[in-house]
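# Commentary on secondary and tertiary structure
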Amino acid sequence: MISILILTKNEEQDLPACLHSVAWCNDVHVYDSFSSDNTLGIAKAMGATITQRKFDNWSTHQNWGLANISFKNRWVLYIDADERVSPELKETLLNFTPADGNIAAYEIQRRDFAWNGTWLKHAQMSPYYLRLFRPDKMRYERLVNPISIPDGNVLRLNGYLDHYPFSKGFRYWWQRHLGYADLEAAMRMQDIDKGTEFSIAKAIFSKDFSERRYNQKGIFYKMPGRPLVKWFYLAIWRKGFLDGQAGLTYALLQAVYEYFIVLKTRELVASQLPNQKISPEKTPIIATQKF
């Protein structure tokens, strides 16, 4: 019933364990961005089907994959190379039967693990992700940290998708998030230029996780003191301190990442308006009450 889609670029370290966790599947696709290491050799040796495309941005790349890769099965499970299908999730997927014809996607709970193996149960940003879906009913938006937009109803599956974001060490994590900060700042500038409106009502009350997250991020990016707000949210509000030193450290890392976005956005604003002192955090919050 289910095909697997794995996005890769130079993932020779993480890919073997990822592929091993989905070895039960008869249709595994490695969607590669022209790796220069042994990623393709590993994929071939483990029987995966390989498709290559030069990476441009996350949403365009993912949308192209869903539209052009020939999956054998109607449903697709999308995972990254640093993620693993847990035994509990494997059991759920092996016995998977769609609820009805109106279901477009299923949410799966992801467990993020710190560098020391601690499950960041409280400190991680979002515990549920739309990862099992019909490819003809799913699309993505945003250049980075894309929003999943399902064309239909959403349900939730049992089992965990395990994520190891620090598998390649702190240096790799920092380098990757510096790149993310550049793309997030570019998205912020697009919102400023277009005068994009975000709904406080949808950010709080929407039953659609993707819509709620989209409006939350839009409003959050207009708040002053975002790095401190993010640290407080993860470490205190979400009780990241219960995850111990790993939880508090992760909250700090996320706050610093947020500050990278602030600095990059200021740099972009200054390059467009060199003679004006404008802080992107002080742009007004425009909210609508439409549901």
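These remarks concern the structure in this document. Since this is a predicted model, take the numbers as computed values, not measurements.

Definitions and limits used
Residues numbered from 1 in each chain as written. Predicted model: local features only at pLDDT ≥ 70, side-chain atom pairs only at ≥ 80, totals over all residues. Heavy atoms only, no water. Axes fitted to C-alpha atoms, helices over the stretch in contact; angles between N-to-C directions. Helix = DSSP H or I, 4+ residues; strand = E, 2+ residues; numbered from the N terminus. Parallel < 35°, antiparallel > 145°, perpendicular 65-115°, else oblique. Left-handed = near helix turned anticlockwise from the far one by under 90°. Nonpolar A, V, L, I, M, F, W, Y, C, P; charged D, E, K, R; others polar. Pairing = 2+ DSSP bridges. Contact = heavy atoms within 4.5 Å. Buried < 20%, exposed > 50% of the residue type's maximum accessible area, 1.4 Å probe, protein only. Expected span 1.5 Å × (residues − 1). Core = buried A, V, L, I, M, F, W, Y, C linked by side-chain atoms within 4.5 Å. Phe/Tyr/Trp six-rings, centres within 6.5 Å; stacked < 30°, edge-to-face > 60°. Lys NZ or Arg CZ within 6 Å of the ring centre and 35° of its normal.

Time to look at the packing of helix H5 (residues 170–194) against helix H9 (residues 244–272). The interhelical angle for the contact between H5 and H9, taken along N-to-C directions, is 45°, at an axis separation of 8 Å. The angle between the axes of H5 and H9 places the two elements in the oblique class. Two packed elements cross with a definite hand, and for H5 against H9 that hand is right-handed. Partitioned by chemical class, the residues of the contact of H5 with H9 number 16 nonpolar, 4 polar and 5 charged.

Okay, the sheet that holds strand S6 (residues 103–112) next. Taken together, the 8 strands give an open sheet; going across it, the order is S3-S2-S1-S4-S7-S6-S10-S5, and neighbouring strands pair in mixed fashion. The open sheet is flanked by strand S3 (49–52) and strand S5 (83–85), the only strands paired with a single partner. Strand after strand, the sheet turns through a mean of 35° between neighbouring axes, direction not considered. As paired elements, S6 and strand S7 (residues 128–133) share 5 bridges and run antiparallel to each other. Looking at S7, one finds that Glu107 is bridged to Leu130. Where helix H3 (residues 58–68) meets the sheet, its contacts fall on strand S1 (2–8), strand S2 (28–32), S3, strand S4 (75–80) and S7, and the angle it forms with S1 comes to roughly 145°.

Here we come to the pairing of S4. Where burial is concerned, most of S4 is hidden: 6 out of the 6 residues are buried. The sheet contact formed by S1 and S4 spans 6 bridges and is parallel. Within S4, the residue paired with Ile6 across the bridge is Ile79. Relative to S7, S4 is paired through 2 bridges, and the arrangement is antiparallel. Bridged to Val76 within S7 is Phe133.

Compared with the 36 Å implied by 1.5 Å per residue over 25 residues, the 36 Å span of H5 between its first and last C-alpha is a close match. Listing the buried residues of H5 in full gives Trp173, His177, Tyr180, Ala181, Glu184, Ala185, Met187, Arg188, Met189 and Asp191. Two residues or fewer past H5, Gly195 is found with a positive phi of approximately 65°.

Glancing now at the nonpolar core. Among the nonpolar cores identified, the biggest contains 27 residues, and Ile4, Ile6, Leu77 and Leu132 are the most heavily contacted of them. Residue assignment for this core shows that the elements contributing at least two residues are S1, helix H1 (15–21), S2, helix H2 (39–45), S4, helix H4 (87–94), S6 and strand S10 (153–163). Not counting chain neighbours up to four residues away, the residues in contact with Ile4 comprise Val22, Trp24, Cys25, Asp27, Val28, His29, Leu77 and Ile79. One finds Ile69, Tyr78, Phe133 and Tyr180 within the second-largest nonpolar core, a separate group that totals 21 residues.

Here we come to the packing of aromatic side chains. The way to describe two aromatic rings as a pair is by their centre distance and the angle between their planes. What the rule picks out here adds up to 15 aromatic pairs. A centroid spacing of 5.4 Å and a plane angle of 75° characterise the contact between Trp75 and Phe96, whose relative ring orientation is edge-to-face. Residue Trp75 is located in strand S4, and its partner Phe96 is located in the loop between H4 and S6; the two are separated by 21 residues in the primary sequence. Linked through ring pairs, Trp115, Phe166, Phe170, Trp173, Trp174, Tyr250 and Phe260 together constitute an aromatic cluster. Residue placement shows Arg110 over the ring face of Tyr129; its charged tip is 4.4 Å from the ring centre. In this structure, Arg111 packs its charged tip against the face of Trp119, placed 5.5 Å from the ring centre.

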